[in-house]
Each structure stands twice: as structure tokens, then as C-alpha cells.
Amino acid sequence: FDPPELHRGQLFVFEGIDRCGKSTQCENLKSSLEGVGRTVVLYSFPNRETAIGSVIDKYLKKEIDLPDQAIHLLFTANRWETMKDIQKMLLNGVTVIMDRYAYSGICYSVAKGTLSLLWCKAPDRGIIKPDCIFFLDLSPLKANRRAGYGEERYEVIEFQEKVRDQFLKIKDSSWKVINADKPTDDIAAEIYDHAVRVNNRKMKKLWI
Ligand code: NYM
Ligand code: MG
């Protein structure tokens, strides 16, 4: 008897404020794990390619406005719509890396001051629980100096401060906090060293 979970892939999540270096580090981890023979798939949330994602994209580009509740639920729906695929990949032994997940969902929404943490958490309850969460911590002042900052909704220093505070508030001891104000290669090495040691078997559901 060889249950599929025995050889399942691990789910790595990267979180942090805008321009903290998540996408770069997702790519770095992907290529280093591929370098040691793993099959790796990278997902970014929001996934702007789906029907739901295209509405989110318009909202972020300030082309449309939506009530805070409605956009929050769209971000959540955008995760739920890929859950089956992700589960299948993990069970097939594929390593999955995610650029943002439900924690961004909570922190950006709660930072608005109009929605409670409890309300924001509820719709993501039951999505696949990550095996490892990397929180790339960077001060919004430093992130602000990075290329492309300020184009989208939320990319305002005062708001990013609130988002960062929320991340620091909701994180628990299982999160791997990374000082993102360091040379890219040093960050990549720290992440890789931690990632290769993660090896959970049972697939769990988030917040259940
Ligand atoms: N964002 C992202 C949310 O507000 N809720 C979510 O659930 C997710 C996944 O979307 N400013 C916000 C955070 C970002 C914005 O993401 C776009 P990115 O990774 O900058 O493309
Ligand atoms: Mg962004």
C-alpha cells in the first residue's frame, strides 16, 4: 500500500507587501529546486488570466470600483478556482510555489479598516494548507524605491504600512520570516536552505 500523499509535492507560499521581492524569490526557488531534479510549478495570486482574475485586474488598475466585500470575495474565488489543479499536482509529486495566497487576501482587506479579520478569513477556510510560508519582510519606505511602485491600487506607503502590520499580526511561529533588505542571492540561499528541509506528508486544509 503506497498512499499518494507519501510522495506528494510540497506547497511553498511567499507573502509580503508590494515590491518586497517575492516574484524574484519565487523564480529563484523554482530554478534551484529544478536544479536538484524536482518538478516545480509557480502560481501567482491574483491569477489575472481567468474571468474572475480579469475583474480583479481592472479593480487593481483602478478601471473599476467595487465594494470592499465584493473584491475580497473575488480574490478568494480566484484561489478556489485553481484548488483542484493544485491538489492534483501536489499528489503527482509536483512542488508548487505560490506568489501570494490567502494571507495577502486577509492583510490587504483588513488594512482598509472596513472589514474584520474574522470576516476576511472565512471564505478561504478549507483551501489547501501551505507546507511552508516565507514572509519577505521589508519596510514600505524601502519597497517604495523599487521599480514600478505606485502604479496600482494599494501601492501607497501609508497603506502598505498597515498591510505589513497585519502580516506581522497574523503570522505564527511556523512562518519563516526573511529580512528582504539584503542582497538577492543571500535571500535566495536562506530560502533554499529552509525549503529543502520541508517534507510534510498529510495534506491539510487551511484553518480547519
Ligand atoms: N491582493 C492580492 C489582495 O488584495 N488580495 C489578495 O487576495 C491577493 C492575492 O493584489 N497589491 C493584492 C496585493 C497586491 C495586488 O498583487 C496585486 P501582485 O502580487 O502585486 O500582482
Ligand atoms: Mg504588486
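Structure's up top.
The rules behind these values
- Residues numbered from 1 in each chain as written.
- Chains lettered and ligands numbered in written order.
- Predicted model: local features only at pLDDT ≥ 70, side-chain atom pairs only at ≥ 80, totals over all residues.
- Heavy atoms only, no water.
- Pairing = 2+ DSSP bridges.
- Helix = DSSP H or I, 4+ residues; strand = E, 2+ residues; numbered from the N terminus.
- Axes fitted to C-alpha atoms, helices over the stretch in contact; angles between N-to-C directions.
- Core = buried A, V, L, I, M, F, W, Y, C linked by side-chain atoms within 4.5 Å.
- Buried < 20%, exposed > 50% of the residue type's maximum accessible area, 1.4 Å probe, protein only.
- Contact = heavy atoms within 4.5 Å.
- Parallel < 35°, antiparallel > 145°, perpendicular 65-115°, else oblique.
- Left-handed = near helix turned anticlockwise from the far one by under 90°.
- Nonpolar A, V, L, I, M, F, W, Y, C, P; charged D, E, K, R; others polar.
- Phe/Tyr/Trp six-rings, centres within 6.5 Å; stacked < 30°, edge-to-face > 60°.
- Lys NZ or Arg CZ within 6 Å of the ring centre and 35° of its normal.
- Polar contact = N/O pair within 3.5 Å; in protein donor to acceptor, adjacent residues only side chain to side chain.
- Near = heavy atom within 4 Å.
- Areas by Shrake-Rupley, 256 points an atom, 1.4 Å probe, with all protein chains shown as cover.

1. As for the sheet that holds strand S4 (residues 132–137)
- Read across the sheet, five strands follow the order S2-S3-S1-S4-S5 without closing on themselves; strand pairing throughout is parallel. Where the open sheet ends on each side, the last strands, each with one partner, are strand S2 (40–44) and strand S5 (176–179). Direction aside, neighbouring strands of the sheet carry axes that sit 20 degrees apart on average.

2. So, the nonpolar core
- By size, the foremost hydrophobic cluster in this structure holds 56 residues, and its most contacted members are Phe12, Leu29, Ile86, Met98, Tyr101, Tyr103 and Phe134.
- Among the elements that line this core, the one with the most residues is helix H5 (residues 102–110), at six residues.
- For Phe12, the contacting residues outside a window of four places in its chain are Leu29, Leu33, Arg38, Thr95, Val96, Ile97, Met98, Cys132, Phe134, Ala195 and Val198.

3. Re the packing of helix H2 (residues 51–60) against helix H3 (residues 68–80)
- The contact between H2 and H3 brings their axes to 9 Å, and the two run at 135 degrees. One element, H2, and the other, H3, form an angle in the oblique class. Here H2 and H3 pass one another in a crossing that is left-handed. For the pair H2 and H3, contact is made by Ile52, Gly53, Val55, Ile56, Tyr59 and Leu60 and by Asp68, Ile71, Leu74, Phe75, Ala77 and Asn78, respectively.
- For the contact of H2 with H3, the class distribution of residues is nine nonpolar, two polar and one charged.

4. Regarding the packing of aromatic side chains
- In the structure shown here, the tally under the stated rule is 12 aromatic pairs.
- Ring plane angle 80 degrees and centroid distance 5.9 Å describe the contact between Tyr103 and Trp207, whose orientation is recorded as edge-to-face. Of the two residues, Tyr103 sits in helix H5 while Trp207 sits in the segment after helix H9 (184–195), which places them 104 residues apart along the sequence.
- What links up through ring pairs into an aromatic cluster is the set Tyr103, Phe135, Phe167, Trp175 and Trp207.
- One cation-aromatic arrangement involves Arg153 over Tyr59; the distance from NZ or CZ to the ring centre is 3.8 Å.

5. Digging into the side chain of Asp57
- Checked against the element boundaries, Asp57 lands in helix H2.
- Only 2.9 Å separates the side chain of Asp57 from the side chain of Lys61, close enough to count as a polar contact.

6. Quick look at the site of ligand 1
- What surrounds ligand 1 is the set Asp18, Phe45, Pro46, Arg48, Leu60, Phe75, Arg79, Arg100, Ser104, Gly105, Tyr108 and Tyr154.
- Side-chain polar atom of Asp18 to a nitrogen atom of ligand 1: 2.8 Å apart, as the coordinates give it.
- Contact distances for ligand 1 include 2.8 Å between an oxygen atom and a side-chain N or O atom of Arg79.
- In the complex, 89% of the free accessible area of ligand 1, which totals 470 Å², lies under the protein chains.
- Sorting the residues of the shell around ligand 1 by element identifies H3 and H5 as the ones contributing at least two each.
- When grouped by side-chain class, the residues that make up the shell around ligand 1 number six nonpolar, two polar and four charged.

Keep in mind these numbers describe shape, not what the thing actually does.
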